[in-house]
Amino acid sequence: MLQLSPIDKIIEIFGWISVIGIWCFTWIHFYELPKIIPIHYNALGSIDKLGDKTNIFALPVISTLLFVGLTILNKFPQVFNYHCEITKENALYQYMNATRMLRVLKLVIVLIFRAIVILTIESVNGNIKGLGTLFLPLSIVLVSTPIIYFLMNAYKRNRKTI
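What should I look at first to understand the environment of H83 in this one?
For H83, the position within the fold is in the loop between helix 2 (58-73) and helix 3 (91-124). Measuring from C-alpha to C-alpha, the distance between H83 and L138 comes to 27 Å, with 55 residues separating the pair along the chain.

Have a look at this one:
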């Protein structure tokens, strides 16, 4: 099992706090929601489906399942796909890099889901209309950036060991 560095512990703690936060935020605001709320948005961030307010809990449920699933997966970095052969010399670095990438992605995913909950509630309250046109592109950037960063780190490190 890999030892967590201080930065890994901080990311993990922020992730768990974010999971708890999305649940607390959803519960706190649930009772003030009307019976019918937006439950789906199109690619432009506009509301395209309405449904019962209990559907708001789908967001914390999905984000929690993803977070817990990725947390479990992260305990087995040897089953990940790597762009290079894993050797005794590079295994520790590649495993730590890959697990940190997943740790960051878990946090980003929960934060995106929390943003959807917040924006849905703001939309219901009439403060905004939908998620906005920048939500999807921003979410793609937020997910892609850590992937690109950590893959570049893995590639650079592997080039140095060759």
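Mind showing me how you'd approach the layout of surface pockets here?
A probe as big as a water molecule, rolled over the atoms, marks out the empty space that is left. Here the largest pocket is characterised by a volume of approximately 370 Å³. I39, H40, Y41, L59 and I116 are, among the 20 residues lining the largest pocket, the residues nearest its centre. Mapped onto the lining of the largest pocket, the elements with two or more residues apiece are strand 1 (36-41), helix 2, helix 3 and helix 4 (135-161). Broken down by element, the lining of the largest pocket gets its largest block of residues, four residues, from strand 1. When the residues that make up the lining of the largest pocket are grouped by side-chain class, the tally is 13 nonpolar, seven polar and no charged. Quantified by volume, the second largest pocket comes out at close to 240 Å³. Looking at the second largest pocket, it is lined by 14 residues, and the ones nearest its centre are M1, L4, N74, K75 and R103.

Help me understand the nonpolar core, please; the structure alone is not making it clear to me.
The tendency in soluble globular proteins is for nonpolar side chains to be buried side by side. If you look at the biggest cluster of nonpolar residues, it comprises 30 residues, and the most contacted ones within it are L33, I56, L59, I116 and V117. Residue assignment for this core shows that the elements contributing at least two residues are helix 1 (6-30), strand 1, helix 2, helix 3 and helix 4. Among the elements that make up this core, the one with the highest residue count is helix 3 (14 residues).

Rules used throughout
- Residues numbered from 1 in each chain as written.
- Predicted model: local features only at pLDDT ≥ 70, side-chain atom pairs only at ≥ 80, totals over all residues.
- Heavy atoms only, no water.
- Helix = DSSP H or I, 4+ residues; strand = E, 2+ residues; numbered from the N terminus.
- 1 Å grid on protein atoms, 1.4 Å probe; cavity = no way out; pocket = protein on both sides within 12 Å on 5 of 7 lines; lining within 4 Å.
- Points joined across faces, edges and corners; volume = space filled by probe spheres on them.
- Nonpolar A, V, L, I, M, F, W, Y, C, P; charged D, E, K, R; others polar.
- Core = buried A, V, L, I, M, F, W, Y, C linked by side-chain atoms within 4.5 Å.
- Buried < 20%, exposed > 50% of the residue type's maximum accessible area, 1.4 Å probe, protein only.

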